[in-house]
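Structure assessment
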Amino acid sequence: MSELSLTGVTKAFGGVQVIQGVDLSIEKGEFVVFVGPSGCGKSTLLRMIAGLETTSSGTIHIAGEDVTKAEPYDRHIAMVFQSYALYPHMTVAENMGFALRLQGVAAPERRALVTEAARILQIEPLLDRKPAHLSGGQRQRVAIGRAITRHPKVFLFDEPLSNLDAELRVQTRLEIARLHQALGATMIYVTHDQTEAMTLAHRIVVLRAGRIEQVGRPTDLYDDPDNLFVAGFIGSPKMNFLPVQASGPREITVAGQTLTLALSVPLPTGPLTLGLRPEHLSGEGPQVTLVAEVVEQLGQTSYAHGKIDGTPVIAEVRGHRPQVGEAIPLTLNPSRALVFGADGQRLR
Amino acid sequence: MSPERRTAWAFLAPSLVLIAIFRIAPLIWGAQLSLTDARGITPGAFIGLENYRELAFDPAFRDSISNTILLIATLPVWVCFPLLLAILIHQGVPGGRFYRATYFFPAILSSVIVGSIFNTLLRRDGAVNAALKLVGIAPTDWLGSSHTALLSLIAVQLWATFGMSLLIFLAGLSTVPQDMIEAARLDGARLRHLVWFIIIPALRPIIEFVAVVTTIGILTSMFGLIYVLTAGGPGTSTTLPEFLIWLELGKLNRPGYAAAISMVLFALMAGLAWAQIRIMQRNADV
């Protein structure tokens, strides 16, 4: 049985439908990340699971129990907010033990549970401080600690790293991954940062305009996207898209070169899109030349920006450091090429 | 003096002159007057602290102070009542906007109009007694009995002014982070827990501010209502220091003695203002 299941879940604010029929099952112990651009409904969906937003239609089950209409406190979930949402007038220990206090847990037992959570998060020295005297990273740990002490069935994270600086974000991301391994808990994590999604998730749910575009393991979404949106959203720098036409049942022509693709179905007539990731412009296949207009040097690797047939293209270059104006030979590797139809769906 | 300082003084000067003429000078003049036996328009002779000694034994003044203490003792009602209503409106009870406007409406009425309305409602043959009669309660002379007059006055003033406190609380509630409320709901907080553990601590600076402002308000702005409803009576049961000052000055023509009462009231106000500043400084450190 799934730990969490959403069936035909919709949400409308006034006349605007922001969640449009979401079906999803999450297994016990799974780490699932909701990603998508701003306004795609990922935070709304998380808040619906938490019970902070009502569900217009459909059902939500947690551990087999229908919680669609249940109050947040009856859902056995804990949530970590982007803003930390700590209680400023309480100490760290009081913040972490507040839920237990409301449950009527005796003070000594409460202190023991809070101390145990603080030990896991290495925030024991902070227990008697108020949130105002903590750094952003420490506050986020306390917010996570508050969730841990409750031993919830599902942990929800709503963009928890967005308020942290870049270095702390990487560090806290690793700690969340370690925490998940240590607790083995079911976690749902919302982010717009696809690096966070790729590094943390067992499965990624890509959302757009209130619909699920694709669900899968991070590498599956990266290697085998279902549509143009997912192909463009997952991966950084993003995938190159070149407008092409079919020149045969399994052939396309791009920049004067013909590529023969291993497809199970013949290509339709009309406009198509060829997708090639910046790091896949090498190997065997027809060659084209990219004149570097801008070069981003990252040390180990470089990204050269230029145009092929008037379309902007980014190419990853390893082995040497290209200069602006340099003609860089690229390979249109058919084994790496993805083709999308006029409707944006992948042709396989 | 540098040009910057000269410019600063030029901008400050009008305010300083106005404060000196209309605040500081009358205060000093009032303090001097309180040490004289001035009557009517005659300046009067210096009598030291005689007026203050007389105050200590003046039954009317002592009654006004005991009335003031009773009034201040009702402060929790003046704070909790609008706070509770503000929380309910903020939580989104149906018709919240209507209630907000309705509760605030009396705050824009002058105390004379409020007094006239309640003079009609609270008299022996008024609407309040008529309503009580329907449920079998005997009529009461709300304003004519020394047992009920002060409480009636307090109730009318509360009705007339709590809308302002409610509005201040609503403004304060809008600053309580929604995330914090939601986190508490996820932690298992029901409405009563939310109010007690989250909202009231978050509103503490606002509650303290309302308490201080309300105390000052009820000590200095009930004159109109007392004048219209009870004229300080029956006896001295609704006489407050503010009303006594007017009686001594306007009716008994004793500006020296009235000035002494004013200085006592000023000292009381200064104490409250000091408390207010302390509270604000403490909250600024949080």
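What comes next is a walk through the structure.

Contacts between the two partners involve 15 residues from chain B, matched on the other side by 24 residues from chain A. Both faces considered, chain B and chain A share a buried interface measuring about 1,800 Å² in area, 63% of it formed by carbon and sulfur atoms. In this structure, R47 of chain A and E182 of chain B form a salt bridge, with 2.6 Å as the shortest nitrogen-oxygen distance. At the junction of chain B and chain A, the tally comes to seven residue pairs in polar contact (both at pLDDT 80 or more). Mapped by element, the contributors of at least two residues to the side of chain B that touches chain A are α9 (178–186) and α10 (191–202) of chain B.

All names here are of chain A. Strand order in the open sheet formed by six strands is β6-β7-β8-β3-β9-β10, with mixed pairing between adjacent strands. Each of the sheet's edge strands pairs with one partner strand only, and the pair in question is β6 (77–80) and β10 (211–216). Neighbour-to-neighbour, the strand axes of this sheet turn through a mean angle of 20 degrees, independent of strand direction.

Two side chains bearing opposite charge may form a pair once their charged atoms approach each other closely. Residues and elements named next belong to chain A. Per the counting criterion, the structure on display carries 19 salt bridges over all chains. The salt bridge partner of R141 is E175, with a shortest N-O separation of 2.9 Å. Of this pair, R141 sits in helix α4 (residues 136–149) while E175 sits in helix α5 (residues 166–183); the two residues are 34 residues apart in sequence, bridging distant segments of the chain. Look at R141 and you get buried, because its relative accessible area is 16%. Here E175 falls in the partly exposed class, since its relative accessible area comes to 21%. Here the residues in one salt-bridge network are D224, D226, R346 and R348, joined through shared partners.

What follows deals with the environment of V33 of chain A. Residue and element names in this part refer to chain A. With respect to the helices, strands and loops of the structure, V33 is situated in strand β3 (residues 31–35). Between the alpha carbons of V33 and V215 there is a distance of 9.7 Å; along the sequence they are 182 residues apart. In this view, V33 contacts Y189, T191, A197, L200, A201, R203, I204 and V205; residues no more than four positions away in its chain are not counted.

Each value, and the rule that gives it
Residues numbered from 1 in each chain as written. Chains lettered and ligands numbered in written order. Predicted model: local features only at pLDDT ≥ 70, side-chain atom pairs only at ≥ 80, totals over all residues. Heavy atoms only, no water. Contact = heavy atoms within 4.5 Å. Buried area = accessible area lost by both parts, 1.4 Å probe. Salt bridge = Lys/Arg side-chain N within 4 Å of Asp/Glu carboxyl O. Polar contact = N/O pair within 3.5 Å; in protein donor to acceptor, adjacent residues only side chain to side chain. Helix = DSSP H or I, 4+ residues; strand = E, 2+ residues; numbered from the N terminus. Pairing = 2+ DSSP bridges. Axes fitted to C-alpha atoms, helices over the stretch in contact; angles between N-to-C directions. Buried < 20%, exposed > 50% of the residue type's maximum accessible area, 1.4 Å probe, protein only.

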